[in-house]
Amino acid sequence: MYRNWQTALPANVEMICVQPPGRETRIFEQPYTCIHSLIEVMAPVLAEYTDKRFAFFGHSMGALIGFELCRHLRKQSRMGPACLIVSGCAAPHVPNENPLMHNLPDGEFMQKLREYNGTTTAVLDNSELMELCLPGLRADFELCESYTYRDDVALDVPIMAIGGLKDPDVSVQDINDWREHTTGRFRAAMLPGDHFFIDSARPVILQLLSQHLAGL
């Protein structure tokens, strides 16, 4: 999803993508189902890229990971990002009231994926490919559904929160509630599209990110 973003970002911005176990070329590796376990492994790997000013961007599950990664860096007394940009995700303290998905039988789980509109029909209709993808997809949902917010002092990292105007699960208020998690600057933006507006409204979000990063 992020592979072609680099060309649309400012020339002085280098994009580095995180590919966790269980995805794409790492599809046969055991995926993580606990956000804190993932961050414990991820933080040291990312350390070599934080010798210059950096920002975190995360969509949906990635937004929660970015938020908890900022907290982890603060706990370790390490430099945090110049900005945290979260997308398609309710503020972490907002309870998830949706029914659990990760433990559904395969048929029901795949039907929910169709309704979620994040996996193409070509993939969903390919039984062999879905057999490979299901463990990673279930792990993603379990990681999010098992996440428990822990009260702590707000970050001093500026936050920009972005949402989709037609996202059935993340409301405008859910996006604005991210304001509670920073003592720094906060900005909210709502873009056309559902939960996967970062794909359907790609030119718009890339322009927004470019302007925001240039402002930093």
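Preceding this section is the structure that the text describes.
Report on the accompanying structure. All of these numbers come straight from a predicted model, not from anything done at the bench. (Residues numbered from 1 in each chain as written. Predicted model: local features only at pLDDT ≥ 70, side-chain atom pairs only at ≥ 80, totals over all residues. Heavy atoms only, no water.)

Describing empty space enclosed by the protein
Taken as a whole and assessed by the stated rule, the structure comprises 1 cavity of 30 Å³ or more. Approximately 40 Å³ is the volume attributed to the largest cavity. Contributing elements (two or more residues each) for the lining of the largest cavity: helix 1 (35–46) and helix 2 (61–75). In terms of residue class, the lining of the largest cavity is made up of 6 nonpolar, 1 polar and 1 charged. (1 Å grid on protein atoms, 1.4 Å probe; cavity = no way out; pocket = protein on both sides within 12 Å on 5 of 7 lines; lining within 4 Å. Points joined across faces, edges and corners; volume = space filled by probe spheres on them. Helix = DSSP H or I, 4+ residues; strand = E, 2+ residues; numbered from the N terminus. Nonpolar A, V, L, I, M, F, W, Y, C, P; charged D, E, K, R; others polar.)

Details of the pattern of salt bridges
For the coordinates displayed, the defined rule picks out 8 salt bridges. Glu 68 is paired through a salt bridge with Arg 71; the nearest N and O atoms lie 3.7 Å apart. Note that Glu 68 and Arg 71 are positioned in helix 2 at a spacing of 3 residues, about one turn of the helix. (Salt bridge = Lys/Arg side-chain N within 4 Å of Asp/Glu carboxyl O.)

Notes on the packing of aromatic side chains
Evaluated as defined, the whole model comprises 6 aromatic pairs. Where Tyr 2 meets Trp 5, the ring centres are 4.9 Å apart and the plane angle is 85°; that geometry is what we call edge-to-face. Accessibility expressed as a relative area gives 3% for Trp 5, which makes it buried. Ring geometry for Phe 109 versus Phe 141: centroids 5.7 Å apart, planes at 85°, classification edge-to-face. Placement of Phe 109 in helix 3 (residues 106–116) and of Phe 141 in helix 5 (residues 127–145) is noted, with a sequence separation of 32 residues between them. For Phe 109, a relative accessible area of 0% translates into the label buried. By the ring-pair criterion, three or more aromatic residues cluster together here, those being Tyr 2, Trp 5 and Phe 57. Residue placement shows Arg 138 over the ring face of Phe 109; its charged tip is 4.5 Å from the ring centre. (Phe/Tyr/Trp six-rings, centres within 6.5 Å; stacked < 30°, edge-to-face > 60°. Buried < 20%, exposed > 50% of the residue type's maximum accessible area, 1.4 Å probe, protein only. Lys NZ or Arg CZ within 6 Å of the ring centre and 35° of its normal.)

Remarks on the pairing of strand 2 (residues 83–87)
Extensive coverage of strand 2 is indicated by the burial of 5 of its 5 residues. The alternating pattern of strand 2 places Cys 83, Ile 85 and Ser 87 and Leu 84 and Val 86 on opposite faces, both of which are buried. Strand direction decides the pairing type here: strand 1 (residues 55–59) and strand 2, joined by 5 bridges, are parallel. Directly across from Ala 55, in strand 2, lies its bridge partner Cys 83. For the segment spanning strand 1, helix 2 and strand 2, crossover handedness is right-handed. Sheet analysis places strand 2 next to strand 3 (residues 159–164), joined by 4 bridges and oriented parallel. Residue pairing across strands places Leu 84 opposite Ile 159, the latter belonging to strand 3. (Pairing = 2+ DSSP bridges. Right-handed = clockwise from strand over helix to strand, strands pointing away.)

Here we look at the state of the cysteines
Note: disulfide means a covalent bond formed between the sulfur atoms of two cysteine side chains. Scanning the model with the defined rule gives 0 disulfides in all. In this model Cys 70 remains outside any disulfide bridge; the closest cysteine sulfur is found in Cys 83, 9.0 Å from its own. Its relative accessible area of 3% is what places Cys 70 among the buried residues. We note that Cys 144 lacks a disulfide partner, and the nearest cysteine sulfur, in Cys 89, lies 7.2 Å from it. For Cys 144, a relative accessible area of 25% puts it in the partly exposed group. (Disulfide = S-S within 2.5 Å.)

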